[in-house]
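Working through the structure, step by step
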Amino acid sequence: MKIKIKLVITIITILSIMLSTKMLSGQIMANSKKLDPTTVIWYEHPADKWENAFPVGNGRLGAMVFGRTDEERIQLNEETYWTGGPYNQTRKGGREHLAEIRKLIFDGDYLKAHHLFGRYLMGYPVEQQKYQSLANLVLTFESQGEVKNYIHQLDLDSAIVTTSYEQNGISYKREVFSSPVDQVIVVRMEASRPGTISFRAELRGCRNQAHSNYATDYFQMDSYGDDGLILTGKSADYLGVPGRVRYVCLLKAVTEGGEIQVGYRDLTVKKATTVTIYISAATNFVSYKDLSADPLKKAQEAIQAALKKDYQKIKEDHLAAHRQLFRRVSIDLGSTDNSFLPTDVRIKNFDGKNDPNLAALCFQFGRYLLISSSRPGTQPANLQGIWNESMNPAWDSKYTTNINLEMNYWPAEVTNLSECASPLFQMIKELTDQGTDVAREHYGCRGWVLHQNTDIWRVAAPMDGPDWGAFTTGGAWLCTHLWEHYLFTRDKEFLTEYYPIMKGSVEFFLDFLVPHPRYGWLVTNPSTSPENFPDRPGNITFFDEVTGWMSPGTTLCAGSTIDLQILNDLFGYVAEASKILGVDEEFRKKVLETRAKLAPMQINRKGELQEWLEDWGQKEKSHRHISPLYGLYPGNQISATKTPELAAAARAVLEQRGLTGNGWSSAWKMACWARLYEPEKAMENFLYYLQHYTFNNLFAICSNALQVDGSFGVTAAIAEMLLQSHEGFIDFLPALPVTWSSGRVNGLVARGGFEVNLQWDKGKLTRAELVSKKGEVCRIKLKINGKLKINNSQGAVHYKKISQDIYEFKTKAGEKYTISI
């Protein structure tokens, strides 16, 4: 009898637990239905590691929020905290060895050319400086006990990370955001029961422990008044460059109820009902060559101004500033039950078809990251945006210009965030400083040049080693962004300001290009196709005296395909810009004459677009870089309709490279497939990206490291699938996959200054709206069976058909045009 009673009790207990669990699960699911699957990233648990934490940023101050309930960690960054200080890599007299290096390359003696390039043309120091982690705010909470109804979320629309849970019958909520208005990071804590928030806070500095035997990045942690903390420190010496950056990070706590106690380097809050923590940070950085600012004064001014405002006002101002940018674009590709699951579960369950709005979330995440890491007046987004926990980050978390920095800004214009590209434009202008020195001393050329990397100090010489550093078209590639900005905005004042920068890049190559002794074409020499080692006779493994390791060969060559594609574009852009501005007629003729002599694109024996002048294979089977496809995307020289043979050759390269690579490689392939009008191929790469190259928070992965380029690239690729405008007309839904059969997107931007809203059903466009910002003539591509109607506020608009599927009509600035079939 006792056994039966015990059995009944056990069964009742199990059923009770199951019912409770089901009710809890149902409650969380019900709450999740309230979360927008296109703008909210969320977990049912804290972040297990830094790479899965949630980012906030105001362009200058960044934080990664873990969402822990026992000991919270909020990792902090300030964008100008780098190792070293102003320095110059230029190697004087390198130009004296250029002729010999060129001859060796033309003669096929690539290894000896590699050695000489390493000795005389590499910058010194060979490496560059590192972006650093500023601090960690650690909050150790007194409250213990089982945690229920836990949700940790990042709302892209509000730019606020919220952590909410129940513990001991009390509901707790924390909000974290980085205000672009008040220039502080805000941590807000609330509890449903008065007097139940108690914790200890430390503002911990960061030091390079891996190199602690010689690191010089010291810091001090102290109290600040009777309600705050202060962290002060300096940057590390690195590569023989003295660490000259000084920084200050301030924290102030404001409570409702309870009390604040300050130790000599920590702060304790006891029995508060609400707590608001304000964090400011600043360095002595003024510019890449000026470190004369007072970091304490800057940090104090920001935090004192914030303390004079009410918390709700700070939050409202933050929301208004963020949404002024973020809400320009909205997107809905369709939701399923999977769309309302936690984001890490959505990614795990995704099969390419069962959650269309996961693509919408990725799209908006890229836009969020750009807003958060790149605003007018800040530094450009580096390899990790502005988020970095390491004193020795992967690839130094700097600016890599053989694809990565460019990809960071691919979504800026098309997704209506043009202002967010201004830090990139300012950087390009600053790079001409040392870029001019390098052009003169390394190559004996006019103008300016940048290779494959730079840092906050705007160095421009070759770095890492000849295999990477010989990429002379990094600055030229960046200049194409200047022209694209003009195409999207039609801002003639901007073009006037930046035309000399573009012209300077062209001037360098007018001097640098040389005739190929066998083919007669003009080529770059030395040259390299980024990071891809050609499989050619004699390209053997050898010990490289620059890197100090065994190299699988050398990448040095003459006239890589990507070099000539970039120059073909840039020469054309500069010639057109000079024509628009009515300047430099003779220079324009010279530029166009030179452009006509550039080596053309070629198709190899396998039907692939050739990567080098010669028909060489590659040592890696499926290299992550698809450099010869620059001409397809982001360039505009390969077209599925205008150059079908080259398009087929580009397709063959994509097939050969396959799906493997890393996050940014997947994004680039997606965009290329979109340009080839093959949406299902783009989706294959998107699926592979999510399965292999994203963290749970949708940050992209590159060789196991967090990077932002892939996240930005995916946003740009999705935009390219929905809207294209690079061929002189606006193409609606050019690469729409079957899984996005119905949907809408509002606020995309087409070249010519047109803001575009699209709606479609069953794979067919049902409605399009255009707002003409500049009053340009509009050309649209439509394949229609019925009658086309175009209307504005005055009624029907006259249009004409100028070729198959292409229609043209005049517009007025500020007017909206509705297109229906």
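That block above? That's the structure.
The residue count restarts for each chain, going from 1 along the sequence in the order it is written. Totals for whole chains, interfaces and linings use every residue, but because this is a predicted model, local features are given only for residues with pLDDT of at least 70 and side-chain atom pairs only at 80 or more, for both listing and counting. Hydrogens and water are ignored here; the side-chain numbers use all heavy atoms of the structure.

**Some thoughts on the nonpolar core**
Judged by nonpolar contacts, the single largest core of 239 residues is most densely connected at Phe732 and Ile780. Ignoring anything within four residues of it in the chain, the contact list for Phe732 reads Leu722, Leu723, Val756, Leu758, Leu765, Ala768, Leu770, Ile780, Lys781, Leu782 and Ile819. Within the second largest apolar cluster, 17 residues are counted, among which are Tyr224, Ala282, Ala302 and Ile303. For the purposes of this section, nonpolar cores are sets of buried Ala, Val, Leu, Ile, Met, Phe, Trp, Tyr and Cys residues that join through side-chain atoms within 4.5 Å. Residue exposure (1.4 Å probe, protein chains only): buried if accessible area is under 20% of the type maximum, exposed if over 50%, otherwise partly exposed. When checking whether two residues touch, look at their non-hydrogen atoms; a contact exists if any pair is within 4.5 Å.

**Quick look at the packing of aromatic side chains**
Aromatic contacts are taken between Phe, Tyr and Trp rings whose centres are within 6.5 Å, Trp giving its six-membered ring; a plane angle under 30 degrees counts as stacked, one over 60 as edge-to-face, and the others as tilted. For the structure shown, the criterion picks out 34 aromatic pairs. Summarising the aromatic geometry, the rings of Trp468 and Trp549 are spaced 6.3 Å apart at their centres and angled 85 degrees between planes, so their arrangement reads as edge-to-face. Here Trp468 is found in helix 11 (residues 466-469), whereas its partner Trp549 is found in strand 24 (residues 549-551), with 81 residues between them in sequence. The class for Trp549 is partly exposed, based on a relative accessible area of 47%. One aromatic cluster in this structure is built from Trp410, Trp477, Tyr630, Tyr633 and Trp668. Counting as a charge over the ring demands two things of the Lys NZ or Arg CZ atom: a distance within 6 Å of the ring centre and an angle within 35 degrees of the ring normal. Taking the ring centre of Phe587 as reference, the NZ or CZ of Lys503 above it sits at 5.0 Å. Starting at the N terminus, helices and strands are each numbered in turn, a helix being any DSSP run of H or I of at least four residues and a strand any DSSP run of E of at least two.

**A few points about helix 4 (residues 295-307)**
Here, expected helix span is obtained from the residue count minus one, scaled by 1.5 Å. With 13 residues, helix 4 extends 18 Å between its outermost C-alpha atoms, agreeing within 8% with the 18 Å of an ideal straight helix rising 1.5 Å per residue. Taken together, the buried positions of helix 4 are Pro295, Ala299, Ala302, Ile303 and Ala306. Down the axis, helix 4 shows its buried residues gathered within 90 degrees of arc, on one side only. Buried residues along helix 4 sit in contact with strand 13 (246-256), strand 16 (274-283) and helix 5 (311-326). Where helix 4 begins, the capping side chain belongs to Asp294, and its oxygen is found 3.1 Å from the backbone nitrogen of Leu296. Directions drawn from the helix axis to the C-beta atoms are what define this arc. Polar contacts here mean pairs of N or O atoms no more than 3.5 Å apart (in protein, one a potential hydrogen donor and the other a potential acceptor; neighbouring residues in sequence count only if both atoms are side-chain atoms).

**Focus: the pairing of strand 38 (residues 816-820)**
Pairing between strands is defined by DSSP: at least two bridges between the two strands are required. In this sheet, strand 38 lies alongside strand 32 (residues 764-772) in antiparallel orientation, the contact comprising four bridges. By the bridge assignment, Glu769 is partnered in strand 38 with Thr818. Of the strand pairs in this sheet, strand 34 (residues 789-792) and strand 38 are connected by three bridges, and their pairing is antiparallel. Within strand 38, the position partnered with Asn791 by the bridge is Thr818.

**Looking at the layout of surface pockets**
Only protein atoms enter the calculation, which uses a 1 Å grid: trapped sets of points that fit a 1.4 Å probe without letting it out are cavities, open sets showing protein on both sides within 12 Å along at least five of seven lines are pockets, and any residue with an atom within 4 Å of a point is a lining residue. Grid points are joined across faces, edges and corners, and a volume is the space filled by probe spheres set on the points. Quantified by volume, the largest pocket comes out at close to 830 Å³. The wall of the largest pocket is formed by 39 residues, among which Trp483, Leu487, Tyr573, Asn636 and His726 lie closest to the centre. At the level of elements, helix 12 (474-489), helix 14 (561-581), helix 15 (585-595) and strand 33 (778-781) are the ones that each hand at least two residues to the lining of the largest pocket. By residue number, the principal contributor to the lining of the largest pocket is helix 14, which donates 10 residues.

**Structural notes on empty space enclosed by the protein**
Summed over the entire model, instances satisfying the criterion amount to seven cavities of 30 Å³ or more. Within this model, the largest cavity holds a volume of roughly 320 Å³. What lines the largest cavity is a set of 26 residues, and nearest its centre among them are Trp410, Glu484, Phe488, Pro634 and Arg751. Only helix 9 (410-414), helix 10 (422-443), helix 12, helix 14 and strand 28 (723-724) provide two or more residues apiece to the lining of the largest cavity. Broken down by element, the residue count for the lining of the largest cavity peaks at five residues, all from helix 12. Across the lining of the largest cavity, the residue classes break down as 15 nonpolar, five polar and six charged. Empty space within the second largest cavity amounts to approximately 80 Å³. Residues are grouped as follows: nonpolar covers Ala, Val, Leu, Ile, Met, Phe, Trp, Tyr, Cys and Pro; charged covers Asp, Glu, Lys and Arg; every other residue, Gly included, is treated as polar.

It is worth stressing that arrangement in space is one thing and function is another; only the former is reported here.
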